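Letter by letter, the chains look like this.
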2 protein chains.
Amino acid sequence: MPEAVLQRAAAEMLDWHGSGMGVMEMSHRGKEFGAICTQAEADIRELLAVPSQFHILFMQGGGLGENAIVPMNLSRGTRADFVLTGSWSIKSHKEAQRYCEAKVVASNAADGHTRLPDPAGWQLSADASYVHVCTNETINGIEFQQLPDLAALGSKAPLVIDFSSHVASRPVDWSRVGLAFGGAQKNLGPAGLTIVIVRDDLLGHALQICPSAFNYKTVADNQSMYNTPPTWGIYIAGLTFQWLREQQEGELRGVAAMEARNIAKARLLYDFIDGSDFYANKVDPGCRSRMNVPFFLADESRNEAFLAGAREAGLLQLKGHKSVGGMRASIYNAMPLGGVQALVAYMREFERSRA
Amino acid sequence: MPEAVLQRAAAEMLDWHGSGMGVMEMSHRGKEFGAICTQAEADIRELLAVPSQFHILFMQGGGLGENAIVPMNLSRGTRADFVLTGSWSIKSHKEAQRYCEAKVVASNAADGHTRLPDPAGWQLSADASYVHVCTNETINGIEFQQLPDLAALGSKAPLVIDFSSHVASRPVDWSRVGLAFGGAQKNLGPAGLTIVIVRDDLLGHALQICPSAFNYKTVADNQSMYNTPPTWGIYIAGLTFQWLREQQEGELRGVAAMEARNIAKARLLYDFIDGSDFYANKVDPGCRSRMNVPFFLADESRNEAFLAGAREAGLLQLKGHKSVGGMRASIYNAMPLGGVQALVAYMREFERSRA
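An unreviewed UniProt entry annotates chain A as Phosphoserine aminotransferase originating from Variovorax ginsengisoli. Per UniProt, the comment on chain A under Sequence similarities (unreviewed entry) is "Belongs to the class-V pyridoxal-phosphate-dependent aminotransferase family. SerC subfamily." The UniProt entry for chain A carries the following text under Subcellular location (unreviewed entry): "Cytoplasm".

Student: Mind showing me how you'd approach empty space enclosed by the protein here?
Tutor: Within this structure, the stated rule accounts for 4 cavities of 30 Å³ or more. The space that makes up the largest cavity amounts to roughly 100 Å³. As for the largest cavity, its lining consists of 14 residues, and the residues nearest its centre are Ala191, Pro230 and Gly233 of chain A together with Ala191 and Gly233 of chain B. Of the residues contributing to the lining of the largest cavity, the split by class is 10 nonpolar, 4 polar and no charged.

Student: Before we go on, may I ask you to explain the sheet that holds strand 3 (residues 101–107) of chain B in this structure?
Tutor: Sheets are built from strands paired through backbone hydrogen bonds, the pairs being either parallel or antiparallel. All names here are of chain B. With respect to topology, 7 strands assemble into an open sheet ordered 1-9-8-7-4-2-3, the strand pairing being mixed. Lying at the two open borders of the sheet, with one neighbouring strand each, are strand 1 (54–59) and strand 3. Here the strands of the sheet are splayed against their neighbours by 20 degrees on average, with no regard to which way each runs. The sheet contact formed by strand 8 (residues 179–183) and strand 9 (residues 194–199) spans 5 bridges and is antiparallel. Bridged to glycine 182 within strand 9 is isoleucine 195. Running at roughly 130 degrees to strand 1, helix 2 (residues 31–47) makes contact with strand 1 and strand 9 of the sheet. Taken strand by strand, helix 3 (residues 62–74) contacts strand 1, strand 7 (159–162), strand 8 and strand 9, and its axis lies near 155 degrees from that of strand 8.

Student: I keep staring at the environment of leucine 239 of chain A and nothing clicks. Help me out?
Tutor: Residue and element names in this part refer to chain A. Along the chain, the position of leucine 239 falls in helix 6 (residues 231–246). Taking the C-alpha atoms as reference points, leucine 239 and asparagine 136, separated by 103 residues in sequence, lie 24 Å from one another. Not counting residues within four places of it along the chain, the set of residues in contact with leucine 239 comprises Val5, Arg8 and Ala9.

Student: What exactly am I supposed to notice about the domain arrangement of chain A here?
Tutor: Interface extent is often summarised as the accessible area lost during association of the parts. All names here are of chain A. Split by domain assignment, chain A resolves into domain 1 (3–246) and domain 2 (253–354). The gap between the C-alpha centroids of domain 1 and domain 2 is 27 Å. If you look at the interface, domain 1 gives 26 residues, while domain 2 gives 25 residues. When domain 1 packs against domain 2, the two sides together hide about 2100 Å² of surface, and 55% of this comes from carbon and sulfur. Where domain 1 packs against domain 2, one counts 1 salt bridge. Across the pair aspartate 284 and arginine 115 runs a salt bridge, and its minimum N-O distance is 3.8 Å. For the interface between domain 1 and domain 2, the tally reads 11 residue pairs in polar contact (both at pLDDT 80 or more). Elements with a minimum of two residues in the side of domain 1 that touches domain 2: strand 6 (142–143) and helix 6. For the side of domain 1 that touches domain 2, the element with the highest residue contribution is helix 6, accounting for 3 residues. Here the side of domain 1 that touches domain 2 is built from residues that sort into 10 nonpolar, 11 polar and 5 charged.

Student: When you look at unusual backbone geometry in this model, what are you seeing that I'm missing?
Tutor: Of all residues except glycine, most have a negative phi; of all peptide bonds, most are trans. Even without being glycine, alanine 168 of chain A reaches a positive phi, approximately 70 degrees. The topology assignment puts alanine 168 of chain A in the loop between strand 7 (159–162) and strand 8 (179–183). Classification of alanine 168 of chain A as buried rests on a relative accessible area of 2%. Even without glycine at this site, glutamine 317 of chain B takes up a positive phi of about 55 degrees. Along the polypeptide, glutamine 317 of chain B turns up in the loop between helix 8 (303–312) and strand 14 (327–330).

Student: Help me understand the sheet that holds strand 13 (residues 292–297) of chain A in this model?
Tutor: Residues and elements named next belong to chain A. Spatially, 12-13-14 is the arrangement adopted by the 3 strands of the open sheet, whose pairing is antiparallel. Taken across any chain shown, the strands that pair with only one partner, and hence form the sheet edges, are strand 12 (279–280) and strand 14 (327–330). Sheet topology places strand 12 next to strand 13; 2 bridges connect them, and they run antiparallel. The residue bridging tyrosine 279 from the neighbouring strand is leucine 297, located in strand 13. Relative to the sheet, helix 7 (residues 254–274) contacts strand 12, strand 13 and strand 14, its axis offset from that of strand 13 by approximately 20 degrees.

Student: Explain the relation of the copies chain B and chain A to me, please; I cannot follow it from the model alone.
Tutor: Each copy of the chain is related to the other by a rotation around an axis and a translation along that axis. Taken as rigid bodies, chain B and chain A are interconverted by a rotation of 180 degrees and an axial shift of 0.0 Å, the fit giving an RMSD of 0.0 Å. Both copies are brought into coincidence by an operation consistent with a two-fold rotation axis. Rotation axis and chain B: the residue whose C-alpha lies nearest the axis is alanine 10 of chain B, separated from it by 2.2 Å. Of the interface residues in chain B, 100% have counterparts in chain A that sit at the interface too, so the contact is made through matching surfaces.

Student: Help me understand the UniProt feature "binding site: pyridoxal 5'-phosphate" (unreviewed entry) in chain A in this model?
Tutor: Residues and elements named next belong to chain A. Per the UniProt record, "binding site: pyridoxal 5'-phosphate" (unreviewed entry) is found at Trp88, Thr138, Asp162, Gln185, Asn227 and Thr228. Sequence-wise these annotated residues cover 141 residues; spatially they are dispersed, their C-alpha atoms as much as 30.5 Å apart. Within the secondary structure layout, threonine 138 lies in the loop between strand 5 (136–137) and strand 6. Those residues within four positions of threonine 138 in sequence are excluded, and the remaining contacts are Trp88, Ser165, Asn292, Arg328 and Tyr332. At 2.7 Å, the side chain of threonine 138 and the side chain of tryptophan 88 are in polar contact.

Student: What's the story with the interface of chain B and chain A in this structure? I'm lost.
Tutor: Counting residues at the interface gives 42 residues for chain B and 42 residues for chain A. Both sides together, the interface formed by chain B and chain A hides about 3700 Å², and carbon and sulfur atoms give 64% of it. Three residues stand out in chain B for area buried against chain A, namely Leu6, Met24 and Arg98 of chain B, and they jointly supply 16% of the buried area on that side. Inspection of the chain B/chain A interface yields 0 salt bridges. Here chain B is connected to chain A by 16 residue pairs in polar contact (both at pLDDT 80 or more). Secondary structure elements with two or more residues in the side of chain B that touches chain A: helix 1 (3–11), helix 3 and helix 6 (231–246) of chain B. Looking at side-chain class alone, the side of chain B that touches chain A contains 24 nonpolar, 14 polar and 4 charged residues.

Student: Can you help me understand the environment of lysine 91 of chain B in this one?
Tutor: Residue and element names in this part refer to chain B. Mapping lysine 91 onto the fold places it in helix 4 (residues 87–96). By relative accessible area, lysine 91 is classed as partly exposed at 38%. Taking the C-alpha atoms as reference, lysine 91 lies 31 Å from leucine 268; in sequence the two are 177 residues apart.

Each value, and the rule that gives it
Residues numbered from 1 in each chain as written. Chains lettered and ligands numbered in written order. Predicted model: local features only at pLDDT ≥ 70, side-chain atom pairs only at ≥ 80, totals over all residues. Heavy atoms only, no water. UniProt positions renumbered as here; feature names shortened; annotations may be inferred. 1 Å grid on protein atoms, 1.4 Å probe; cavity = no way out; pocket = protein on both sides within 12 Å on 5 of 7 lines; lining within 4 Å. Points joined across faces, edges and corners; volume = space filled by probe spheres on them. Nonpolar A, V, L, I, M, F, W, Y, C, P; charged D, E, K, R; others polar. Pairing = 2+ DSSP bridges. Helix = DSSP H or I, 4+ residues; strand = E, 2+ residues; numbered from the N terminus. Axes fitted to C-alpha atoms, helices over the stretch in contact; angles between N-to-C directions. Contact = heavy atoms within 4.5 Å. Domains from an automatic or database assignment. Buried area = accessible area lost by both parts, 1.4 Å probe. Salt bridge = Lys/Arg side-chain N within 4 Å of Asp/Glu carboxyl O. Polar contact = N/O pair within 3.5 Å; in protein donor to acceptor, adjacent residues only side chain to side chain. Buried < 20%, exposed > 50% of the residue type's maximum accessible area, 1.4 Å probe, protein only. Least-squares fit on C-alpha atoms with pLDDT ≥ 70 in both.

Printed below as a string of structure tokens:
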């Protein structure tokens, strides 16, 4: 997380803006928290250029919760289409089967989750209630570089994107999206806050068995305060939105500035890996994630030594997910270019010392 | 919230125990957060004297979320019994109807929610999957002074208690409870953390349509980490548990000490109200809440003046819920006796100045 956000949160812990209360002590119905929440919503709307026909909902339950909440709200108990591109979309598909006919319309399993299935080949249903894609797969390290244009592919269904792990790292083309959801913990704030951005016409179709607290229309009608919202998470996300809005790279600001930085960070790391025989990344260059970079040592017997040396150099959390193995560098928004430079320097030195 | 908790959270914001990370930056799967979560669970188990056959789950969604999550996990689609004692139990009953036959076995509506229905008169089902009571109704200001003994009343069903608003203010008689749930925001921590304490034999019976993230067995099998838990909320609740464990009144410690303080705080306020013709509380003295004290001015045209003067005296959030009107003092665990003394002093002076 940005250090400036943490410092401000610490400074305001016992007294937010002279109110005599810390944020955790506020009633969520009071005017102080109301101001925090309204500002956070306005800031993320501006940051992500969310059009006015979309509602921004602050919810609970995380991405895994949304795997059930989306079909409870959108599927109408009929059919939904799923594009399987890695661990997260596979989980979403499995969970949706509780609520609707969840059809797999494309999968990259045969490629070991290393390339995105070409949208031209997706077997989209004529009558799907929605089409689900995970636009960044953290474990496999693959990312949609542009959103599919479902209308051009012959589907009338709204596109649902799970953008948990790359929200605010790049712009969103809302003309192609019906609903976007994400846990906040990667780029926006602390765990426990879920952000749902949903087009107006998709509200009001929830199944009878959808809990009121997770019914998008109920949440929208109550400005995210039907049940007590995760107030601290909204506050911290709000501080992060303000931090993001202030970011600048040349002429670029906000999310565009973050995107430029993320492109530079990812290029540095992928170029180094591709230029080395010691390290390898197996993902198709056309869909490599800017956020999560899995890589392997050619000699995997050196994995432990690599990780131990990294820890000594202050480079933490580099072990790959157990389902993939190897290493994984997660270089979310808050990671500066200097962090990636330090990683590349360590990788170069580790390779040199083993040559 | 206890000031000591807020101060410690501020001090550790950028570096928790020399780890080089703040809690909001930790992976929930890392050893640092694992230690925080394990300690929090051990501390609440000791504080509330939770027997070993109960699981302690850290979840999301709040009390309103649990209104759906409980019947999805416990009702088996059959019947559940509800005792209606005020706003919260009425909401719970309404929501449960999505999942099972939700039977009203007693209600205090005819008494204007001012007295608890005598358990001897409850029309308990022979075959209920559970019996739901809200053990403290915040809006109406009524509280169970002891839990019903369902076995003695002829029911074999487990008792489910919504203890959101008085958890850790008094001991719990677990021999009478199957499941207890509560949002943490009143006595335990920030909004966004839900605590569920559930007996082992009640796991594993969820309906097919129960979301995985809210299936108690799934959550228990994964030590509350099936989905990313609300890490900050667990951390703050953990600090609050430690603060509670350190509290002492004479020979009493922890929750017993809190209970002694809460009895003293409530007695001071109720005795003052009962001794005045200017103020009144309508709740049967046998079930008055120690946490939430609704009261009315005999001359309600003075309400605005009362509230304005209170604000000037630094006494905030005294307006009663719109469904009840009048005033309401919420005197949760973190409110010291001095806070109640200041309120009573203000009320006495307001009365005197209007005499």
